[in-house]
Amino acid sequence: MGGGGQDQSGPEIQMDQQEIQVSIAADDAALLQGVTATDRKDGDVTDSLVVESISNFIEKGRRKVSIVAFDSDNHITRAEREIVYTDYTSPVFTLDSPLRFSIDAENLTEGLHAQDCLDGDITSKIQMSFQDSYSYGTAGQYQVNYSVANSAGDVKNLPVTVEFYDPSQESQIPSLTLNQYMINLSVGEGFDPWGYLDSVTVNHFQYVKEEDGILHGSIAEDILDPSAVQIENPVDVNTPGVYEVVYSVYDEEGVQGSVRLIVSVNG
């Protein structure tokens, strides 16, 4: 193992590429691909290489990896390389009920979930903030931002309208249900809002949309004219962003009921 005496210097780390492309599933061995270490006294110490840490994103999908090598005298040398994920996607929100809550609701993230390609289910990390002043116990519509961050520091925001209702008034108001309350679209993907409407209850009658796309009442031949449902659709499938499609209906007293479909166009 070379001459006597202590080796004063740490190993030298060489790498064939300063930047490598890897999958999000890559293990440490993949991150060390093409990296070698040699020491003046010990010779090849490539076996000592370890991944010490991986940074937060420098930019989306790109991180720095800190690599260390040791020699037999416990000298440590560090080097950095960048990794670029080939298959990274930002966290994705999903929603299984409308963002409508009773005025005395405690949990304002109920029904909302977040999934991440690096960390799996990160629903417990969802945070929310009111964008305008909210007084607890007051019915109405408020602008809210939900956000979630994964372990690499990628933050996904969901700016939406949240509605608070007074349960004692609920039965008087027309209502609409959807088959989904949030959808994630890719840029350029087709979108037909009528396809997401499930049922409408107005003037104490329920109409359910059947396979023919028509809203049928419980009595034969009883159908709801599609023009009774107003759909406000601001979605631009060519521009990434979060949009809200508002479906509304009026009863014979002129009382309006509405429900929202959140459409996230992901770039």
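You'll find the structure just up there.
Everything numeric here is computed off the predicted structure, so don't read it as measured data. (Residues numbered from 1 in each chain as written. Predicted model: local features only at pLDDT ≥ 70, side-chain atom pairs only at ≥ 80, totals over all residues. Heavy atoms only, no water.)

Caption draft 1: Local environment of the overall build of the chain. Of the regular secondary structure elements, the chain holds one helix and 23 strands. In summary, the chain has a C-alpha radius of gyration of 28 Å against a globular reference of 18 Å for 267 residues, an excess of more than 25%. Viewed in the frame of its principal axes, the chain has a C-alpha envelope of about 100 × 40 × 25 Å. Counting the 267 residues in the chain, one finds 39% classified as buried. Within the chain, contacts between residues at least 6 apart in sequence are counted, and of these 51% link residues at least 24 apart. Looking at the chain as shown, the accessible area adds up to about 14400 Å², and 46% of this sits on carbon and sulfur atoms. Across the chain, the centroid of the 13 positively charged side chains sits 13 Å from that of the 44 negatively charged ones. (Helix = DSSP H or I, 4+ residues; strand = E, 2+ residues; numbered from the N terminus. Rg over C-alpha atoms; globule rule 2.2 N^0.38 Å. Buried < 20%, exposed > 50% of the residue type's maximum accessible area, 1.4 Å probe, protein only. Contact = heavy atoms within 4.5 Å. Areas by Shrake-Rupley, 256 points an atom, 1.4 Å probe, with all protein chains shown as cover. Lys, Arg positive; Asp, Glu negative; His and termini not counted. Charge placed at Lys NZ, Arg CZ, Asp CG, Glu CD.)

Caption draft 2: Structural view of the packing of aromatic side chains. A complete count under the given rule lists eleven aromatic pairs for this structure. Ring geometry for F57 and Y88: centres 4.8 Å apart, planes at 75 degrees, overall edge-to-face. Of this pair, F57 sits in the loop between β5 (50-54) and β6 (62-70) while Y88 sits in the loop between β7 (76-85) and β8 (92-95), and the two are 31 residues apart along the sequence. Each member of the pair F57 and Y88 is classed as buried. (Phe/Tyr/Trp six-rings, centres within 6.5 Å; stacked < 30°, edge-to-face > 60°.)

Caption draft 3: Seen up close, the sheet that holds strand β3 (residues 35-39). Judged by pairing direction, the sheet is antiparallel, and its three strands sit side by side in the order β1-β3-β4 without closing on themselves. Looking at which strands have only one partner, the edges of the open sheet turn out to be β1 (12-15) and β4 (43-44). (Pairing = 2+ DSSP bridges.)

Caption draft 4: The pattern of salt bridges, seen in detail. By the definition in use, this model includes nine salt bridges. Across the pair R100 and E163 runs a salt bridge, and its minimum N-O distance is 3.3 Å. Here the residue R100 occupies a position in strand β9 (residues 100-102), and E163 occupies one in strand β14 (residues 155-165), the gap between them amounting to 63 residues. By relative accessible area, which is 18% here, E163 ends up buried. Accessibility expressed as a relative area gives 24% for R100, which makes it partly exposed. Three or more residues joined by partner-sharing salt bridges are found here, namely E19, E59, R62 and E82. (Salt bridge = Lys/Arg side-chain N within 4 Å of Asp/Glu carboxyl O.)

Caption draft 5: The arrangement of the sheet that holds strand β13 (residues 140-149) in detail. A sheet is described by the order of its strands in space; here four strands give the open sequence β9-β14-β13-β12, paired in mixed fashion. Every other strand in the sheet has two partners, leaving β9 and β12 (127-130) as the edge strands with one partner each. Strand-to-strand, the axes of this sheet are offset by a mean angle of 35 degrees, without reference to chain direction. Pairing of β12 with β13 involves four bridges; the strand directions are antiparallel. From the neighbouring strand, F130 faces β13, where its bridge partner is V144. (Axes fitted to C-alpha atoms, helices over the stretch in contact; angles between N-to-C directions.)

Caption draft 6: Broad picture of unusual backbone geometry. Positive phi, normally seen in glycine, also occurs at N203, with a value near 55 degrees. With respect to the helices, strands and loops of the structure, N203 is situated in the loop between β17 (197-202) and β18 (205-209).

Caption draft 7: How the structure looks around the environment of S168. Structurally, S168 is set in the loop between β14 and β15 (175-178). Between the C-alpha atom of S168 and that of Q18, which follows or precedes it by 150 residues, the distance is 64 Å. A polar contact of 2.8 Å, which involves the side chain of S168, links it to the side chain of D166. (Polar contact = N/O pair within 3.5 Å; in protein donor to acceptor, adjacent residues only side chain to side chain.)

Caption draft 8: Quick look at the environment of G34. Within the secondary structure, G34 sits in the loop between α1 (28-31) and β3. For G34 and M15, which are 19 residues apart along the polypeptide, the C-alpha to C-alpha distance reads 5.6 Å. Each residue touching G34, except ones within four places of it in the same chain, is listed here: Q14, M15 and D16.

Caption draft 9: Highlighting the side chain of D42. Residue position: D42 is located in the loop between β3 and β4. Despite its burial, D42 remains without a salt bridge, the nearest opposite charge being carried by K41 at 4.9 Å. A polar contact is formed between the side chain of D42 and the backbone nitrogen of S72, at a distance of 2.6 Å.

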